[in-house]
Amino acid sequence: MTSDWNAFLDSLSPGLKALRGGQAEVMTGFSAIAKAALKPGALDGKNKELIALGICVAMRCDDCIGFHVKAAIEKGASREEILEAMGMAIYMGAGPSVMYAAHAVAAFDQLSGARNAVAAE
């Protein structure tokens, strides 16, 4: 787990840039899938990001956690919504998801600038 989510996300940029350059057609296709999946419909963008975040935790992908927490914040997700989504991720992903859910909450607290987390949580 990372302790500095902003630096962690920044550190991914060079590798992603190289991948986009080296596999432009594949990455263009992936981008098109993401754009289509995130297009608001019956679910708005915030709820789609919360779903994506739950899947990130269940799949145990810290990189994805960082990106989707940041996107959820940008779409207005609250800490309470993140925590509730983590409850679903834990339910679906069992014990390992508990550990990754803690990563997602830490990422939210850091990336949102919200340092008002209750210590007892």
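Since this is a predicted model, take the numbers as computed values, not measurements.

*Asks:* Any chance you could explain the packing of helix H1 (residues 5-22) against helix H4 (residues 62-74) here in plain terms?
*Replies:* Geometry of a packed helix pair, given as the angle between the helix axes and the separation of the axes. Where H1 meets H4, the axes come as close as 10 Å, and the angle between the chain directions of the two elements is 110°. By the angle between their directions, the pair H1 and H4 is classed as roughly perpendicular. As H1 runs across H4, the sense of the crossing is left-handed. Along the contact surface, H1 presents Trp 5, Phe 8, Leu 9, Leu 12 and Leu 16, while H4 presents Asp 62, Asp 63, Ile 65, Gly 66, Phe 67 and Lys 70. Of the residues contributing to the contact of H1 with H4, the split by class is seven nonpolar, one polar and three charged.

*Asks:* When you look at the nonpolar core in this model, what are you seeing that I'm missing?
*Replies:* Where a protein is soluble and globular, its nonpolar side chains tend to be buried together. Within the largest apolar cluster, 22 residues are counted, with the highest numbers of intra-cluster contacts made by Leu 53, Val 57, Ile 65, Val 69, Ile 82, Met 86 and Ala 104. Of all the elements in the fold, those that place two or more residues in this core are H1, helix H3 (45-59), H4 and helix H5 (79-112). Per element, the largest residue contribution to this core is ten residues, and it comes from H5. Setting aside residues up to four positions removed in sequence, Val 57 forms contacts with Ile 65, Met 86, Ala 89, Ser 97, Tyr 100, Ala 101 and Ala 104.

*Asks:* When you look at the packing of aromatic side chains in this model, what are you seeing that I'm missing?
*Replies:* The description of two aromatic rings rests on the distance between their centres and on the angle between their planes. By the definition in use, this model includes one aromatic pair. Note on Trp 5 and Phe 8: the rings are 5.8 Å apart at their centroids and 90° apart in plane angle, and the pair reads as edge-to-face. Here Phe 8 and Trp 5 lie together in helix H1, a separation of three residues that amounts to about one turn. Per residue, the accessibility class of Trp 5 equals that of Phe 8, and both read buried.

Thresholds applied
Residues numbered from 1 in each chain as written. Predicted model: local features only at pLDDT ≥ 70, side-chain atom pairs only at ≥ 80, totals over all residues. Heavy atoms only, no water. Axes fitted to C-alpha atoms, helices over the stretch in contact; angles between N-to-C directions. Helix = DSSP H or I, 4+ residues; strand = E, 2+ residues; numbered from the N terminus. Parallel < 35°, antiparallel > 145°, perpendicular 65-115°, else oblique. Left-handed = near helix turned anticlockwise from the far one by under 90°. Contact = heavy atoms within 4.5 Å. Nonpolar A, V, L, I, M, F, W, Y, C, P; charged D, E, K, R; others polar. Core = buried A, V, L, I, M, F, W, Y, C linked by side-chain atoms within 4.5 Å. Buried < 20%, exposed > 50% of the residue type's maximum accessible area, 1.4 Å probe, protein only. Phe/Tyr/Trp six-rings, centres within 6.5 Å; stacked < 30°, edge-to-face > 60°.

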